[in-house]
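The residues making up each chain are set out below.
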Amino acid sequence: MPYSPRWLVEQGRDDEAKSTLSYLRSSPAETPEVVTEYLEIKAEVMIQRELKAISTAGKGGLRAAIQPYLDLFSSWSNFHRLYIGCTTMFFQQFIGCNMMLLRP
C-alpha cells in the first residue's frame, strides 16, 4: 500500500506524491488529470498551513500545542462530528461488538 499523496505533500515529498498519484490513477504522471489532482492537493496543504499559522499566531508553546484540540470545540459542526465519533466508540465498547471471544 503506497503512502497517501496528501501526507507525502505535507512532508515535502512532492515527487513521490506525483508518482503515487500516477500509480493510483494508472496513468502517467504528466497526464492533465494527475497534474490537476496533485496541484489541488498542494493548494489545500498550503491553505491548511496558512490557517494553522494564523490560528496559532502569537500563542506560546503549550497553547500552540493544544490549539488543534481546542479547535474541536470551536464550532457546532466540529463538536457535532466529535460527539458522533465518541458516542459511536462508546456504544461499541458498551455492547461489546468489538470483543473477541476466546475459547479454552
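Residues numbered from 1 in each chain as written. Predicted model: local features only at pLDDT ≥ 70, side-chain atom pairs only at ≥ 80, totals over all residues. Heavy atoms only, no water.

Novice: With reference to specific residues and values, describe the side chain of Ser22.
Specialist: Considering the arrangement of structural elements, one finds Ser22 in helix α2 (residues 14-25). For Ser22, a relative accessible area of 14% puts it in the buried group. Of note is the side chain of Ser22, whose polar atom sits 2.8 Å from the backbone oxygen of Ser19. For Ser22, the residues in contact, after removing those within four places along its chain, are Ser27, Pro28, Ala29 and Val34. (Helix = DSSP H or I, 4+ residues; strand = E, 2+ residues; numbered from the N terminus. Buried < 20%, exposed > 50% of the residue type's maximum accessible area, 1.4 Å probe, protein only. Polar contact = N/O pair within 3.5 Å; in protein donor to acceptor, adjacent residues only side chain to side chain. Contact = heavy atoms within 4.5 Å.)

Novice: Any details on the nonpolar core? Residues and values, ideally.
Specialist: Listed in full, the eight residues of the largest apolar core are Leu8, Val9, Ala17, Leu21, Val34, Tyr38, Ile41 and Val45. Counting residues per element, this core draws most heavily on helix α3 (residues 32-55), which supplies four residues. (Core = buried A, V, L, I, M, F, W, Y, C linked by side-chain atoms within 4.5 Å.)

Novice: Tell me about the pattern of salt bridges, and please be specific about residues and values.
Specialist: In this structure the tally under the stated criterion is four salt bridges. Between Glu44 and Arg6 there is a salt bridge; the shortest N-O distance is 3.2 Å. With a gap of 38 residues between them, Glu44 in helix α3 and Arg6 in helix α1 (residues 5-10) connect regions that are remote in the sequence. Residue classification places Glu44 among the partly exposed positions, given a relative accessible area of 38%. A relative accessible area of 34% means that Arg6 is categorised as partly exposed. Its salt-bridge partner being Lys42, residue Asp14 comes within 3.1 Å of it at the nearest N-O pair. With Asp14 in helix α2 and Lys42 in helix α3, this pair connects stretches of sequence that are 28 residues apart. Taking relative accessible area as the criterion, Lys42 reaches 23% and is therefore assigned partly exposed. (Salt bridge = Lys/Arg side-chain N within 4 Å of Asp/Glu carboxyl O.)

Honestly, it's all geometry; don't read function into it.
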